[in-house]
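# Structural overview
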Amino acid sequence: MTELGLRNDVYRRPLATALDRLGLAPGWRCADVGAGGGDVTVALAELVGRDGRVYAVDSDPAARDEVAKAAAAAGQAQVLAVTQAGEDLRLPEPLDLAFCRFLLLHVHDPAVVLRRMAAVVKEPGGWVVAQEPITSAGRIAGQPMSMPSARHPDIGALLPALVRATGLEVVDAWAEAPAGVGPGPVADYLTALTEVDPGDDPVVLPPLVTVIARR
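Here we summarise the structure given alongside this text. Residue positions are given per chain, counting from 1 as you read along its sequence in written order. In keeping with the model being predicted, local features are shown solely for residues with a pLDDT of at least 70 and side-chain atom pairs are shown and tallied solely at 80 or more, while totals for entire chains, interfaces and linings include all residues. Heavy atoms from the whole structure form the basis of all side-chain values; hydrogens and water molecules are not counted.

With that settled, the discussion passes to the sheet that holds strand S10 (residues 202–204). Any two strands are treated as partners once DSSP identifies two or more bridges connecting them. In DSSP terms, a helix is any run of H or I states spanning at least four residues, a strand is any run of E spanning at least two, and both are numbered starting from the N terminus. Across the sheet, which stays open at both edges, the four strands sit in the order S7-S6-S10-S9 with antiparallel pairing between neighbours. Bordering the open sheet on either side are strand S7 (143–144) and strand S9 (179–181), each of which pairs with just one other strand. Pairing of S9 with S10 involves three bridges; the strand directions are antiparallel. Each residue of the ladder has a partner; that of Val181, found in S10, is Pro202.

See below:
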């Protein structure tokens, strides 16, 4: 399986599985839409190499600066940081891959973002990969989780249908949910996310639904 240098990322495995499924290779042109701090951007850049290119797209100028710092620290000059909303996604060249993770639950209209992602990949053969949670399926001590700040906290449950509605071919789709009890990566992740330490309560993090689609 592809090794990814993602910091403290308990959802590393579904991303690595998706990239292995695509056969991501040196020279690919990619976009990380909703790039945030840039961990995934830098991981993609390592895989596509100096002959490839990764556009780190985020609507927040501060995120653009964070990505630029992360890429510079990793020596990844093939990363280009772009300040742009997913609904307005436009890039200067056709891509091999448009990727997003934990983005669609926050945007106003997930379907619009997915259509823009589909439009920027090569036809035929370009890939779109989206990874989104089903927040309420997560559990802390058996109780459902919630995310009041998200516009679409359970968007993962609709993700395969939304991707298919863009006209893309859904090649694969699945859900994974990291789980744990007591101190460890799952508790650390939940504490960072919610600022509440679950202590020794059993935790099942929200399932992350991955959809791999092709144009």
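Following the structure, the description resumes.
Tracing the backbone shows Gln78 in the loop between helix H3 (61–73) and strand S3 (79–83). Only protein chains enter the accessibility calculation, which uses a 1.4 Å probe; a residue is then buried when its area is under 20% of its type maximum, exposed when over 50%, and partly exposed in between. Taking the relative accessible area as the measure of exposure, Gln78 reaches 7% and is therefore buried. Polar contact is defined as a pair of N or O atoms within 3.5 Å, subject to the rule that within protein one atom must be able to donate a hydrogen and the other to accept it, and that residues adjacent in sequence are counted only when both atoms are side-chain atoms. Reaching out from Gln78, the side chain makes a polar contact with the backbone oxygen of Ala45 at a distance of 2.9 Å. Side-chain polar atoms of Gln78 contact the backbone oxygen of Gly49, separated by 3.1 Å. Filtering out sequence-adjacent residues up to four positions away, Gln78 remains in contact with Ala45, Val48, Gly49, Arg50, Gly52, Arg53 and Val54. Residue contacts follow a heavy-atom distance rule, with two residues in contact if any of their heavy atoms lie within 4.5 Å.

For the rest of this paragraph, the subject is the sheet that holds strand S8 (residues 169–176). In spatial order, the strands read S3-S2-S1-S4-S5-S11-S8; together these seven strands make up an open sheet with mixed pairing. The open sheet is flanked by S3 and S8, the only strands paired with a single partner. For this sheet the average axis-to-axis angle between neighbouring strands, irrespective of direction, equals 15°. Across five bridges, strand S2 (residues 53–58) lies against S3 in parallel orientation. Looking at S3, one finds that Ala56 is bridged to Ala81. Sheet contacts for helix H1 (residues 12–22): strand S4 (97–101), strand S5 (127–133), S8 and strand S11 (208–214); angle to S8, the most-contacted strand, approximately 155°. Between the N-to-C directions of two axes lies an angle of 0 to 180 degrees, each axis being a line fitted to C-alpha atoms and, for a helix, fitted only over the stretch in contact. Together, S2 and S3 form the strand contacts of H3, whose direction differs from that of S3 by roughly 175°.

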